[in-house]
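# Summary of the model geometry
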Amino acid sequence: MAAVAAIYDHFQRLNTAVWGISTDSIYSHKVFKEISPSAQQVQFPLVSDRTQKISRAYRVLDDQTGATFRATIIVNPEGVIVSKMIYPREVGRNAFEILRMMEGIQYGLNTGLGVPANWVPGMPGIERDPDKIGKI
Amino acid sequence: MNPDHEQEALPVEFFDTCEQPFCASRDDFAPAFNAPALINNEISSVDLLKERGKWVILFFYASDFTFV
C-alpha cells in the first residue's frame, strides 16, 4: 500500500483514481491509518466493503475467511474492466507494474500502436501492420 | 476457497456446455457501488458511477494491519 502511495502522483497525472478496498470496517481503516507507518502514507480513499457485496460482485471474495483476495482491477473511463489481476496468497503487488500497465494502456490508445512485452515508457510501440506478422 | 479435488481431473471439454457466469473479468462492466470510505482521515464515501471519465484502480487487500 505504501508502495502505491509512493507513486500516487504518477497515477494522478494519468487521470487515474486509486482506491484501496477491504472488508474491514471504516473504524478499522481509521485506526489502521493512524497507527500503521505504511498506511499513514496513504493519501487515496480506503473503502470499507463490510457487507462483502463489492468483493463478491467483483468475484474476489474468499468466502472461507470473509476477506478479499489480493487483487488489482483497472476500470476504464466508460466503466468497463480492462484488467484484473489476482495475486498469490504469499506475494505482494508490484506497484511499478500497475503503473506500467496504466502507461501502456494509455500509450496504446493514444498512438494506436501495440505495446510489446516488457515495454516501458520511452520505448517504441509496434505498428499493427499485417505484413509484419511472423517477422518480429 | 480450496480447490475441489474431485474436480481436478475435469477435462476442458467439460466446460463447453457449462454456462458462463458473470466473472467480473476483462471487458465486463464494472459493478457500480457506493460505499463508506476513509478519505484524508475523514469518514466519507465513494461512488464508482461518479468516476466516469476517469480511470479507476480498485486495489483489493485482505485486511488492515497486514502487508499488501
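Looking at an unreviewed UniProt entry, one finds chain B named Alkyl hydroperoxide reductase, with Salipaludibacillus keqinensis as its source organism.

Under an unreviewed UniProt entry, the name given to chain A is Alkyl hydroperoxide reductase, and the source organism is Salipaludibacillus keqinensis. In UniProt, chain A has this text filed under Sequence similarities (unreviewed entry): "Belongs to the peroxiredoxin family. AhpC/Prx1 subfamily."

Before going further, it helps to spend a moment on the overall build of chain B. Counting its regular elements, chain B contains 0 helices and 3 strands. Helices and strands in chain B line up, N terminus first, as β-β-β. Scored against the burial criterion, the 68 residues of chain B give a buried share of 19%.

Turning our attention to the overall build of chain A. When helices and strands are counted, chain A shows 6 helices and 6 strands. Along the chain direction, N to C, the helices and strands of chain A fall in the order α-α-β-α-α-β-α-β-β-β-β-α. Partitioning the contacts of chain A with sequence separation of at least 6, the portion at a separation of at least 24 is 41%.

Now for the sheet that holds strand E3 (residues 55–60) of chain B. With mixed pairing, the 7 strands of this open sheet are ordered in space as E6(A)-E5(A)-E3(B)-E1(A)-E2(A)-E1(B)-E2(B). Of all the strands in the sheet, the pair left with one neighbour each is strand E6 (81–86) of chain A together with strand E2 (42–47) of chain B. Within the sheet, the average angular offset between the axes of one strand and its neighbour, ignoring direction, is 30 degrees. Pairing of strand E5 (residues 71–75) of chain A with E6(A) involves 5 bridges; the strand directions are antiparallel. Bridge pairing in E6(A) places A:Ile73 opposite A:Lys84. Running at roughly 20 degrees to strand E1 (residues 34–39) of chain B, helix H3 (residues 26–35) of chain A makes contact with strand E2 (46–48) of chain A together with E1 and E2 of chain B of the sheet.

Glancing now at unusual backbone geometry. Backbone geometry places A:Gln52, a non-glycine residue, at a positive phi of 65 degrees. Within the secondary structure, A:Gln52 sits in the loop between E2 and helix H5 (53–57). For A:Gln52, a count of 15 C-beta atoms within 10 Å gives the class partly exposed. Look at B:Asp27: it is not a glycine, yet its phi comes out positive at around 75 degrees. Following the sequence through the fold, B:Asp27 ends up in the segment before E1.

A few words on the interface of chain B and chain A. The partner chain A presents 55 residues to the 36 residues of chain B that form the contact. Elements with a minimum of two residues in the side of chain B that touches chain A: E1, E2 and E3 of chain B. Counting residues per element, the side of chain B that touches chain A draws most heavily on E3(B), which supplies 6 residues. In the side of chain B that touches chain A, the residues fall into 25 nonpolar, 4 polar and 7 charged.

About the thresholds
- Residues numbered from 1 in each chain as written.
- Chains lettered and ligands numbered in written order.
- Predicted model: local features only at pLDDT ≥ 70, side-chain atom pairs only at ≥ 80, totals over all residues.
- UniProt positions renumbered as here; feature names shortened; annotations may be inferred.
- Helix = DSSP H or I, 4+ residues; strand = E, 2+ residues; numbered from the N terminus.
- Buried ≥ 20, exposed ≤ 12 C-beta atoms within 10 Å, placed from the backbone.
- Contact = placed C-beta atoms within 7 Å.
- Pairing = 2+ DSSP bridges.
- Axes fitted to C-alpha atoms, helices over the stretch in contact; angles between N-to-C directions.
- Nonpolar A, V, L, I, M, F, W, Y, C, P; charged D, E, K, R; others polar.

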